[in-house]
Amino acid sequence: MIDAPASLAPAPGGATAQDVARGICRLFARNDIWCLGEMPLRNGRRADLMGIDAKGRIVIVEIKVSRADLLGDGKWPDYLDFCDRFYWGLPLSLDRAPLELADFRPDCCGIIVADGYDAEIVRPAPSHPLAPARRKVEVERLARTALRRAVTALDPQCAPPGPA
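Residues numbered from 1 in each chain as written. Predicted model: local features only at pLDDT ≥ 70, side-chain atom pairs only at ≥ 80, totals over all residues. Heavy atoms only, no water.

A. Up close: helix H1 (residues 17-30). With 14 residues, H1 ought to run about 20 Å at 1.5 Å a step, and its terminal C-alpha atoms sit 20 Å apart, in line with that. Regarding H1, the residues found buried are Ala-17, Asp-19, Val-20, Ala-21, Gly-23, Ile-24, Leu-27 and Phe-28. Elements in contact with the buried residues of H1: strand E1 (34-40), strand E2 (46-52), strand E3 (58-63), strand E4 (85-91), strand E5 (109-114) and strand E6 (119-123). Backbone geometry just downstream of H1 places Asp-32 in the positive-phi region, at approximately 60°. (Helix = DSSP H or I, 4+ residues; strand = E, 2+ residues; numbered from the N terminus. Expected span 1.5 Å × (residues − 1). Buried < 20%, exposed > 50% of the residue type's maximum accessible area, 1.4 Å probe, protein only. Contact = heavy atoms within 4.5 Å.)

B. Examining the environment of Pro-124 more closely. Inspection of the secondary structure assignment puts Pro-124 in the loop between E6 and helix H3 (132-154). Here the alpha-carbon distance between Pro-124 and Gly-110, two residues 14 residues apart in the chain, equals 4.7 Å. If we ignore the near neighbours within four places in the chain, the residues touching Pro-124 are Tyr-87 and Gly-110.

C. Broad picture of the sheet that holds E1. An order of E1-E2-E3-E4-E5-E6 is seen for the 6 strands of this open sheet, with the pairing classed as mixed. Across the chains shown, the open sheet's two edge strands, defined by having one partner strand only, are E1 and E6. The mean inter-strand angle of the sheet, taken between neighbouring strand axes irrespective of direction, is 30°. Bridge analysis of E5 against E6 gives 4 bridges, and the strand direction is antiparallel. When the bridges of E6 are listed, Ala-114 appears paired with Ala-119. In the packing of H1 onto the sheet, the strands contacted are E1, E2, E3, E4, E5 and E6, and the crossing angle to E3 comes to about 155°. Its contacts with the sheet put H3 on E1, E2 and E3, and the angle it makes with E1 is roughly 90°. (Pairing = 2+ DSSP bridges. Axes fitted to C-alpha atoms, helices over the stretch in contact; angles between N-to-C directions.)

Here you go:
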């Protein structure tokens, strides 16, 4: 049996990254925020969840299910230039104490705890509005990516190969 990478392995309570993502998507859907998983960003990073609310504001969620993955993640500040609000998404069982340290910038990051069924915002993410031109570009990229995925899910041979 092959071990899953730390970022995909179940948390001590058994929640996987997919479980956490599903719970967060359900929470967001109830609040009219619609998300896309594994969204590539223009800086080469990939957001675990990227969504848009009814007012056109962009939300990014970085999901962590293990302490090692959380503490070893030095790339997360690269996401801040692509969203109005940034959240950490964690399973209920993961210790949130490290997210209160200065390195994790609690002044600009929210926290959501989730399982496969639901989620709760335990620290709201403050809004750091994107410049209007940047928001327009990112909303269009998100929309085009979502539409491409929807069409190619129905007809995999419809689109030429390329980034998803």
